[in-house]
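Letter by letter, the chains look like this.
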Amino acid sequence: MRLKLISCEIVFREMCHLLAEAEHRVDVEFLPKGLHDIGASSMRKRLQQAIDGVEAPEYDAILLGYGLCGMGLAGLVTRHIPLVVPRAHDCITLFLGSKQRYADYFADHSGVYFRTTGWLERAENMNQLQQFSIQSKSGMGMSYPELVEKYGQENADYLWEQIGDFVRNYRQLTFIEMGVEQNGRFEQQARAEAGERDWKFEKLRGDLGLLRRLVNAQWDPEDFLVVKPGEKIVVRYDDSIIAAEPAS
Amino acid sequence: MADLQQLYEAVLNGDAKSAVAVTKEALAGNVDPMTLVTKFMVPAMDEVGRRFECEEYFVPELLLAARAMKGSLELIRPLLTASGAEPTGRVVIGTVKGDLHDIGKNLVGSLLEGGGFEVTDLGADVSPERFVEAIRAHNADFICLSALLTVTMPAMKNVIETLKSSGVRDQVKVLVGGAPVTREYAAQIGADGYAENASAAVHLARSLLQPAA
């Protein structure tokens, strides 16, 4: 089989590791991390562009290295070859290896921020998207000094309290170790970040199984949606997360 | 005599100090408090909403205007209450269980307050039972639910089901919003309305108010 993987770079190290050992030939295109921040419709356009750009006759299927990502996948259409998508709300499922494991963890840990190598070494890649992000376009992406400059000290203090910190209610940072780290520096960086914010730190062992099955074409319907040519991705508000319907 | 147009300008420009000063002066000069609200402050907030819709104003301007409005209302409301006037409507607002994101919810709450609604904010990670208690305690007309994650969106449906089983569903209009939430989802779970942003939420709440008997 020849497969084309379109993936968020948040799983860059994981995918490269898996592709090196993949059973099939898999070509890959990574897109910038943080597309969910530009809003669902912009994210969908960006992904649709990448899907439409695939030279269909050369491939048997397109794989998406994404979760639903705040509705960013809803409405995506494939025209010529099947599109295979993991059933996942977001990339945490991709790291933990199953949507059930994520659901169970989330049920007890709603105030958790996650870190993996991708977040830790690719944070700067957010900058290229920043001007298009919802936060930035709605005026919520300003730094404290920028707020002071534009609105004056007193107003800036109030605004910073209201919109300054997106993660102020979080209480824990969980580092997911995927086995693709060369040494302990990523964990140390995550520990340091948790310390700075005065958050609890936890390390979880990740599971590459779901991503491995994605690139090795083991697409069981419980964990993967196969969208046939002429169909689109729709959202299901149950454990199946996504489904396919005629694009019409 | 206070220049009441200054109150309109102060709210529009998000100048809380001036808004409070002009309101004090006006009330000291025996201006009818209801006139201040309906003739100057509400039109100012409407203009703020219009500017937001056409992207002349952004979230910071919305927040500052709502704060100015709220500062004035705190002076005016006791007088209105004493004269037997009711708030525009009573709202209970919160982010659903499991979801700790509250910036969008706070923004909607501030604008509803600025729009003359009485707002009870339950915070984030709110259980369905707490929504029911608050509806009963505050005799709410509206309940506004927020979620920022597709993972937590199903909790909105749980709230509506709990409202039904607790016998308070017919007493309130349920409004939903948050980044991943859609009009389609609102319809699917049987909510009464969906708003795409905070300004639209105020319009929506007003449009759903029961006409006075």
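In this text, all values refer to a predicted model and were calculated from it rather than measured experimentally.

With 93 residues, the main nonpolar core has A:Tyr66, A:Leu73 and B:Val176 as its most contacted residues. Dropping the residues within four chain positions of it, A:Leu73 is found in contact with A:Met43, A:Leu47, A:Leu64, A:Tyr66, A:Gly67, A:Leu68, A:Val85 and A:Ile233. Counting residues in each nonpolar core, the second largest holds 59 residues, with B:Val37, B:Phe52, B:Leu73 and B:Ala201 among its members.

A few words now on the pattern of salt bridges. Tallied over the full model, the rule gives 26 salt bridges over all chains. We note a salt bridge from A:Asp27 to A:Arg25, for which the minimum N-O separation is 3.1 Å. On the basis of relative accessibility, which here comes to 17%, the residue A:Asp27 falls in the buried class. Residues B:Glu118 and B:Arg90 are paired through a salt bridge, measuring 3.5 Å at the closest nitrogen-oxygen approach. Here B:Arg90 lies in strand E1 (residues 90-95) and B:Glu118 lies in strand E2 (residues 118-121), a separation of 28 residues in the sequence.

Many structure descriptions define interface size as the accessible area lost when the parts assemble. Residue and element names in this part refer to chain B. The domain boundaries assigned to chain B delineate domain 1 (5-82) and domain 2 (90-208). Distance from the C-alpha centre of domain 1 to the C-alpha centre of domain 2: 25 Å. Counting from both sides, the interface comprises 14 residues of domain 1 and, opposite them, 11 residues of domain 2. Summed over both sides, the interface of domain 1 with domain 2 buries roughly 1000 Å², with 63% coming from carbon and sulfur. Between the two partners, domain 1 and domain 2, sit 2 salt bridges. Ionic pairing is found between Asp 46 and Arg 206, a salt bridge with its closest N-O pair at 2.9 Å. For the interface between domain 1 and domain 2, the tally reads 3 residue pairs in polar contact (both at pLDDT 80 or more). Elements with a minimum of two residues in the side of domain 1 that touches domain 2: helix H3 (33-53) and helix H4 (59-82). At 8 residues, the largest contribution of residues to the side of domain 1 that touches domain 2 is made by H4.

Basis of the calculations
Residues numbered from 1 in each chain as written. Chains lettered and ligands numbered in written order. Predicted model: local features only at pLDDT ≥ 70, side-chain atom pairs only at ≥ 80, totals over all residues. Heavy atoms only, no water. Core = buried A, V, L, I, M, F, W, Y, C linked by side-chain atoms within 4.5 Å. Buried < 20%, exposed > 50% of the residue type's maximum accessible area, 1.4 Å probe, protein only. Contact = heavy atoms within 4.5 Å. Salt bridge = Lys/Arg side-chain N within 4 Å of Asp/Glu carboxyl O. Helix = DSSP H or I, 4+ residues; strand = E, 2+ residues; numbered from the N terminus. Domains from an automatic or database assignment. Buried area = accessible area lost by both parts, 1.4 Å probe. Polar contact = N/O pair within 3.5 Å; in protein donor to acceptor, adjacent residues only side chain to side chain.

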